[in-house]
Amino acid sequence: MNLHEYQSKRVFARYGVPIPNGDVATTPVEAREVAKVLGGPVVVKAQVLVGGRGKAGGIKVAQTPDEAEEKADAILGMDIKGLVVGKVLVDQAADIRDEIYLGLVIDRAKRRVVLMGSSEGGVDIEEVAASTPEKIIKIAIDPFIGFRPYQALEMALELCIPAELTRSFTKIASGLYDAFMASDASLAEINPLVVTGNGKLLAVDGKMVIDDNAIFRQPALSDLRDLVDEDPYEAEARRYGLSYVKLDGQIGCMVNGAGLSMATMDMIKLFGGSPANFLDVGGGATADRVAAALRIILSDSNVNAVLFNIFGGITRCDEVARGILAALEELETPVPMVVRLVGTNEEEGRAILADAQMETAATLAEAARKVVAVAKTAQEGSVQ
Amino acid sequence: MSILVNKDTRLLVQGITGREGLFHTEQMVAYGTNVVGGVTPGKGGQWAAGVPVFDTVVKAVSATEANTSIIYVPARFAPDAILEAVDAGIKLIICITEGLPTLDMITVRAYIDGRDVRLIGPNCPGVITPNEAKVGIMPGHIHIPGNVGIVSRSGTLTYEVVAALTERGIGQSTAVGIGGDPIIGSTFIDVLKLFEKDNDTEQVVMIGEIGGTDEEKAAEYIRDHMTKPVTGFIAGKTAPPGKRMGHAGAIISGGTGTAAEKMAALEAAGVRVANQPAEIAEIVAALAGE
């Protein structure tokens, strides 16, 4: 789960990380009020969960409350990479002397939480990592002793932090670590951490990602989940315990197991089609979960054919077949479907679907070839 | 021989009285696995699936001499269940449970490293040595004994491959699901090492997916240390970056972890990489000289 900039910075602030004064506004008038209370120049920043807001015109400086209202009016409602801006953060503008990157990530290869720092702050850290990896300093943190002041000092020296700011830097790095651990984060970054004109450190931008597996013990954070920014069907899928990712193609897929789901998408592509989604119905899929999954797949208007690929282990093919039938009964305009059911209770499953006028296939390759063919026919039919 | 589990496995089921735990214990017993007991706190003294239930792993081990445990307890209790098994002296722990918090797994893994214990999973289908021991949730009947070792991050995709091999009459020495999480107990390399040493394994199938760099590291190991042929497959060629594809670990982030990189690394290491799952059995059959 991704947190917005303003949410991330508020979490950081609770752990002693200094952030600019500011507040969130959902209307231009509110933005004006915030700017008035803050006084002086402000920055109006689009709150959308996507990178590159600045380049897209979603971050603007305003000298006066009137101008803040004007900028907010331009930014609110703006479409940034497919996301509509519903909120802006109005922050006191910082006097920037220097920009640093400071972040905590989970390093899968090292199996440690790692503190990353770079004197090349303010830019896309992935670009820095790709072009000049030597400019990124990494310090791995032992889970049994946690983050230690000497490690903060080591980082401060590597980043050439002015001596008079070392103590403040240590406090910020430790605070970021505490925020990361207490929030079950998988990413927490300050980019940039600014050295201001009057020699202070300030977290001007922030980002946090929370581990979905730990949300159960983070009730305060899960309440922040921004449904507006989330694909409504992905949210619906989550309610049913389904794993769904919307893609751009035309062939809907329902598969059990994540690896097999990906392999099924790859097969559709290999045979010249384009998958509309990833959907794992999970182990032991019950009839109503299957029905919900089919509803979600068909709610995507791009879908013109559906492939079911079920390898029954714990999942029973008859149960899946009943779910498909139940869903078909309530749907008005069913698209052509290809079903491959193998494994536990496959005979019963096929018998249940015998009258449903669905194409069947014995192998994954055959299923992929057939669904690509019916999708093409469906597309030609809709064009004519 | 075989790896990890066999006729000498004395299996303890942690979470034996839960819905999943009980169902799969019955299935494992029916397969012929030597299940010696189970653990559910507060239910010590009861019986489940024909075996005694204990309150703690320590009590179960002293009563049954269990050497392996399988974990079905819910995600929020699973890290504790793993640590409890480690401290009770279990040598092989297989965690089926999905959804363990990543930070907990970092601690668990750090605790295990340097100790004489092996963890498989979490978020995995388990391990099976056909006709000897099924320690997991895979459908047993699709496996037959033989000389192909299988190691995979996926569940059902592995069943698909196993079924295709069995259909051709090609048996398996052991099939190991290492799990789909970002932090797991045993990686591809850990299992490849075991297959390389195992007399019953003549060749290996390795099924990877997007996310992380474990396949790339495995490729280096294969190039430098494996004498047995390896056939590979990577799922997720069409997966978009930044999206988690079902498994917590199946995500392309920061431009790393793509299927293309992994396939290239494996090919460069001499691994025959199949373009689609059905090709795996074909390549394996050709290597077996059929």
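For clarity, every value in this text was computed on a predicted model and none was experimentally measured. (Residues numbered from 1 in each chain as written. Chains lettered and ligands numbered in written order. Predicted model: local features only at pLDDT ≥ 70, side-chain atom pairs only at ≥ 80, totals over all residues.)

Participant: Give a detailed account of the interface of chain B and chain A, specifying residues and quantitative values.
Facilitator: At the junction of the two partners, chain B supplies 44 residues and chain A supplies 45 residues. Of all the elements in the fold, those that place two or more residues in the side of chain B that touches chain A are α4 (102-112), α5 (156-167) and α9 (277-287) of chain B. In terms of residue count, α4 of chain B provides more of the side of chain B that touches chain A than any other element does, six residues in total. Residue composition of the side of chain B that touches chain A, by class: 21 nonpolar, 16 polar and seven charged. (Contact = placed C-beta atoms within 7 Å. Helix = DSSP H or I, 4+ residues; strand = E, 2+ residues; numbered from the N terminus. Nonpolar A, V, L, I, M, F, W, Y, C, P; charged D, E, K, R; others polar.)

Participant: Tell me what's going on with helix α6 (residues 188-197) of chain B, and back it up with residues and numbers.
Facilitator: Residue and element names in this part refer to chain B. Considered for burial, the residues of α6 that qualify are F188, V191, L192 and F195. Take α6 and look down its axis: the buried residues cluster within an arc of 105°, on one side only. Taken together, the buried residues of α6 touch β10 (145-152), β11 (172-177), β12 (203-209) and α7 (214-225). (Buried ≥ 20, exposed ≤ 12 C-beta atoms within 10 Å, placed from the backbone. Arc of directions from axis to C-beta.)

Participant: Explain the sheet that holds strand β4 (residues 59-62) of chain A residue by residue, including any values.
Facilitator: Residues and elements named next belong to chain A. Reading across the sheet, the four strands line up as β2-β7-β3-β4 and stay open at both edges, with antiparallel pairing between neighbours. Looking at which strands have only one partner, the edges of the open sheet turn out to be β2 (22-25) and β4. Between one strand axis and the next, the sheet turns through 20° on average, direction left out of account. Where β2 meets strand β7 (residues 88-92), four bridges bridge the pair, whose relative direction is antiparallel. (Pairing = 2+ DSSP bridges. Axes fitted to C-alpha atoms, helices over the stretch in contact; angles between N-to-C directions.)

Participant: Describe the pairing of strand β8 (residues 126-129) of chain B, naming the residues involved and giving the relevant values.
Facilitator: Where a strand is regular, its side chains alternate between the two sheet faces. Residue and element names in this part refer to chain B. Residues G126 and I128 of β8 are buried on one face, and the alternating residues V127 and T129, pointing to the opposite face, are buried as well. Pairing of β8 with strand β9 (residues 133-136), which is carried by four bridges, proceeds in the antiparallel orientation. The residue bridging G126 from the neighbouring strand is G136, located in β9. From the end of β8 to the start of β9, which pair antiparallel, there are three residues, and N131 there has a positive phi angle of about 65°. In this sheet, β11 lies alongside β8 in antiparallel orientation, the contact comprising two bridges. For V127, the partnering residue across the bridge sits in β11 and is V176.

Participant: So what's going on with the nonpolar core? Which residues, and what values?
Facilitator: Counting residues in hydrophobic clusters, the biggest one holds 194 residues, and the most contacted among them are L176 and V371 of chain A together with I71 of chain B. Excluding its chain neighbours within four sequence positions, the residues that come into contact with I71 of chain B are Q14, G15, A78, A81, I82, I93, I94, C95, I96 and T97 of chain B. Core analysis: the next-biggest nonpolar cluster, separate from the first, contains 19 residues, Y6, V48, A62 and V90 of chain A among them. (Core = buried A, V, L, I, M, F, W, Y, C linked by C-beta atoms within 7 Å.)

Participant: Pulling in residues and values, what's your account of the packing of helix α5 (residues 149-158) of chain A against helix α6 (residues 166-182) of chain A?
Facilitator: Residues and elements named next belong to chain A. For the pair α5 and α6, the least separation of the axes is 9 Å and the interaxial angle reads 120°. Between α5 and α6, the angle falls in the class oblique. When the axes of α5 and α6 are compared, the crossing they make is right-handed. Contacts from P149, A152, L153, M155 and A156 in α5 reach T166, F169, T170, A173 and S174 in α6. Within the contact of α5 with α6, the residues separate by chemical class into seven nonpolar, three polar and no charged. (Parallel < 35°, antiparallel > 145°, perpendicular 65-115°, else oblique. Left-handed = near helix turned anticlockwise from the far one by under 90°.)

Participant: Tell me what's going on with the confidence of the model for chain B, and back it up with residues and numbers.
Facilitator: Of the residues in chain B, 100% reach a pLDDT of 70 or more, and the chain-wide mean stands at 95. Interface predicted TM-score (ipTM) for the complex: 0.93; the corresponding pTM is 0.93. (pLDDT = per-residue confidence, 0-100.)

Participant: For the domain arrangement of chain B, give the residues involved together with the corresponding values.
Facilitator: Residues and elements named next belong to chain B. Taken domain by domain, chain B comprises domain 1 (11-120) and domain 2 (138-287). Computed from C-alpha atoms alone, the centre-to-centre distance between domain 1 and domain 2 is 26 Å. Contact with domain 1, which involves ten residues of that partner, is made by eight residues of domain 2. Counting only elements with at least two residues in the side of domain 1 that touches domain 2, the list comes to α4 and β7 (118-120). In terms of residue count, the dominant contributor to the side of domain 1 that touches domain 2 is α4 (five residues). Split by residue class, the side of domain 1 that touches domain 2 holds seven nonpolar, one polar and two charged. (Domains from an automatic or database assignment.)

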